[in-house]
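# A look at the structure
These are the residues of each chain, in order.
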Amino acid sequence: TILVLDFGSQYSHLITRRLRELNVYSEMLPCTQKLSELSWKPKGIILSGGPYSVYWDDAPHVDPEAFEMGVPILGICYGLQEIAWHHGKNVLAGDKREYGHATLNIHAHEGKSSHIDQLFQTLEKDMEVWMSHGDKLSHLPPSFVTIATTPNAPFAGIAHENKPYYGIQFHPEVTHTRGGTKLLKNFAVGVCKAKQDWSMEKFVDKEIARIRAMVGEKGQVIGAVSGGVDSTVAAKLMNEAIGDRFHAVLVDNGVLRLEESQTVKETLTKHLGINLTVVDASERFLGLLKGVSDPEKKRKIIGNTFIEVFQETAKKIAEDAHGSSRQGEIEWLLQGTLYPDVIESISFKGPSATIKTHHNVGGLLEGMHLKLIEPLRELFKDEVRALGTNLGIPEDLVWRHPFPGPGLAIRILGEVTKEQLRIAREADKIFIEEIRAAGLYNQISQAFAAVLPVKAVGVMGDKRVHAQVVALRAVETTDFMTADWFPFDGHFLKRVSRRIVNEVDGVCRVLYDVTSKPPGTIEME
Ligand code: XMP
């Protein structure tokens, strides 16, 4: 295992990520981790970048034990400053330096200690690297040599003469640094001799064993499922670990897509063997949404009602479970939290600071005395997909676009009525069907049909009609923070528009949304 100590850089998680791509197992912990408290010995330590200056009074520092453990250390950006600081506090100048691309000049040290050149082995001589701001070394710490420079950074890379300690000012973990993954491999595999044996199969075995140990022989777990990738994968993993002692709950909130709750039920129970309770609370939700057109109010109503319904259902399931021969209380709540959600909470202020909860289950923990179980918290989205495939979840579901908790309520602009719901469902079905038929589904990150709160005039079968307007939205994005609209060709849009107007009663016009995010958002409300 390679230990990544996080000093709070926005790129820290990418280090873990790249190592996993190399099949090297790594764990990221806050930089203040006491190393004597670890139950395992790392093969190597990577100190991440961070937004501080090492000479600030309140700057975080690595446990000095790191330099006593006899393991290789690689410092990146702030991590380099940390290594320099540890070896002589007067080697730093406090001026901010370059940001962005730079060309790295690698210095070979043939004949000296063999480890020195190992970091840059087989890398191009003029490597393009990505720098991010930080302080400069004013001169080398004692016993260190320069292994790389850039036109602006005379100490862009340094190495200890006798020990496997390296510092680099650029970020090898970002894709802008060409050869960055190779450099990390040189460190992890070459210098640290870490094994490249991490795999999804191993993750599954380890995680199942961990869940069983946590939950015990009788413990029971409850969790909400939505039909989305994360909750389904988490549910399947629980099912593999503890079978029917995991209770999945699907709340039909009345604003799901066409035939969604039946489809989810079919997949989860028939194909995946998950113990699922479906609660049809659609009338309750729709009743509360009546007359409400403000988007945030709609979200609140759906979020709060979801919590109420889930808690009522959990209580019933718990009573049934208690009455049955299975015994055991429900003590655990499953959440499909992913790694990007936990990153913020493992900054050096400590892991307990904040644990981000899913939009829709945020309030559950307060009202129920449950402990949290998050089996996906080490994984990135594409790893969750790989895990899903590994667990036998159908590919269609594994690659499904995200669907928001407030569902069609935020895709029907203005008040949600049954008529608008019918239109949204039917139009969305046609749009997605055509996207799949054109082989575009996996190129698009999210797509849907929305219903605008206006009517427009049209002429259908020689008659003048006054009917609803449907807006289509399809975007490409990697992080859902920024997005661009998908450039369908005209023939595709023509086909979808013709089908929607012909097949969906009460629609006379179809628009395509050509707004990027920002300034638009992905959803229309
Ligand atoms: P926006 O519209 O903010 O959407 O650009 C970004 C991503 O978040 C989803 N989204 C939500 N998901 N509850 C959710 O569970 C919500 O209230 C919500 N609002 C937006 C949206 O579908 C997109 O994937």
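Residues numbered from 1 in each chain as written. Predicted model: local features only at pLDDT ≥ 70, side-chain atom pairs only at ≥ 80, totals over all residues. Heavy atoms only, no water.

If you look the protein chain up in an unreviewed UniProt entry, it shows as GMP synthase [glutamine-hydrolyzing] from Xylona heveae. In its Subcellular location (unreviewed entry) section, the UniProt entry covering the protein chain states "Cytoplasm, Cytosol". (UniProt positions renumbered as here; feature names shortened; annotations may be inferred.)

## Quick word on the layout of surface pockets
In this structure, the second largest pocket encloses a volume near 630 Å³. As for the second largest pocket, its lining consists of 25 residues, and the residues nearest its centre are R257, E260, T263, R400 and R436. The residue makeup of the lining of the second largest pocket, split by class, is nine nonpolar, five polar and 11 charged. (1 Å grid on protein atoms, 1.4 Å probe; cavity = no way out; pocket = protein on both sides within 12 Å on 5 of 7 lines; lining within 4 Å. Points joined across faces, edges and corners; volume = space filled by probe spheres on them. Nonpolar A, V, L, I, M, F, W, Y, C, P; charged D, E, K, R; others polar.)

## Some words on the side chain of T146
Within the secondary structure layout, T146 lies in strand 9 (residues 144-149). By relative accessible area, which is 17% here, T146 ends up buried. When neighbours within four sequence positions are excluded, T146 is seen to be in contact with H107, H109, L140, P154, F155, G157 and I158. (Helix = DSSP H or I, 4+ residues; strand = E, 2+ residues; numbered from the N terminus. Buried < 20%, exposed > 50% of the residue type's maximum accessible area, 1.4 Å probe, protein only. Contact = heavy atoms within 4.5 Å.)

## Quick look at the sheet that holds strand 13 (residues 246-252)
The five strands lie next to each other as 14-13-12-15-16, forming an open sheet whose pairing is parallel. The sheet terminates laterally at strand 14 (276-280) and strand 16 (371-373), the two strands that pair on one side only. In this sheet, neighbouring strand axes are inclined to one another by 30 degrees on average, regardless of whether the strands run parallel or antiparallel. Packing against the sheet, helix 6 (residues 260-271) makes contact with strand 13 and strand 14, and its axis sits at approximately 170 degrees to strand 14. (Pairing = 2+ DSSP bridges. Axes fitted to C-alpha atoms, helices over the stretch in contact; angles between N-to-C directions.)

## Concerning the sheet that holds strand 11 (residues 165-168)
On the basis of which strands lie adjacent, the open sheet formed by nine strands has the order 2-1-3-4-11-10-9-6-7 and mixed pairing. Unpaired on one side and paired on the other, strand 2 (26-30) and strand 7 (126-131) mark the two borders of the sheet. If you compare each strand with its neighbour and ignore which way they point, the axes differ by 25 degrees on average. Examined bridge by bridge, strand 4 (residues 73-76) and strand 11 share four bridges and lie parallel to one another. In the strand pairing of strand 11, G75 is matched with G167. Across the sheet, helix 3 (residues 180-191) touches strand 1 (2-6), strand 3 (44-47), strand 4, strand 7 and strand 11, and the angle it forms with strand 4 is around 155 degrees.

## Overview of the site of the ligand
As a structural note, the neighbourhood of the ligand is formed by 12 residues, with R299, Q446, K517, I522 and E523 the closest of them. Contact between the ligand and I522: an oxygen atom at 2.7 Å from a main-chain N or O atom of the residue. (Near = heavy atom within 4 Å. Polar contact = N/O pair within 3.5 Å; in protein donor to acceptor, adjacent residues only side chain to side chain.)

## Details of the UniProt feature "binding site: ATP" (unreviewed entry) in the protein chain
The sites that UniProt annotates as "binding site: ATP" (unreviewed entry) are S226, G227, G228, V229, D230, S231 and T232. In the annotation above, G227 are the residues that line the second largest pocket. By secondary structure assignment, the location of D230 is in helix 5 (residues 229-242). Apart from residues lying up to four places away in sequence, D230 is in contact with G336, L338, L376, K381 and V384. In this fold, S231 is placed in helix 5. Here S231 is in contact with A224, V225 and S226, once residues within four sequence places are set aside. A distance of 3.0 Å separates the side chain of S231 from the backbone nitrogen of S226, its partner in a polar contact.

## What to know about the nonpolar core
I222, V255, F431, I435 and F488 are the most contacted members of the largest nonpolar core, which has 52 residues in total. In this structure, F431 is in contact with A447, F448, A449, L472, R473, A474, F488, F492 and V496, ignoring residues within four places of it in sequence. (Core = buried A, V, L, I, M, F, W, Y, C linked by side-chain atoms within 4.5 Å.)

## Structural notes on the pattern of salt bridges
Under the defined criterion, the tally for this structure stands at 29 salt bridges. The closest approach of N and O atoms between E207 and R210, which form a salt bridge, is 2.7 Å. Of this pair, E207 and R210 both sit in helix 4 (residues 200-215), separated by three residues, roughly a single helical turn. Salt bridges here are not isolated pairs; linked through shared partners, they connect K429, E433, E434, R495, R499 and E503. (Salt bridge = Lys/Arg side-chain N within 4 Å of Asp/Glu carboxyl O.)

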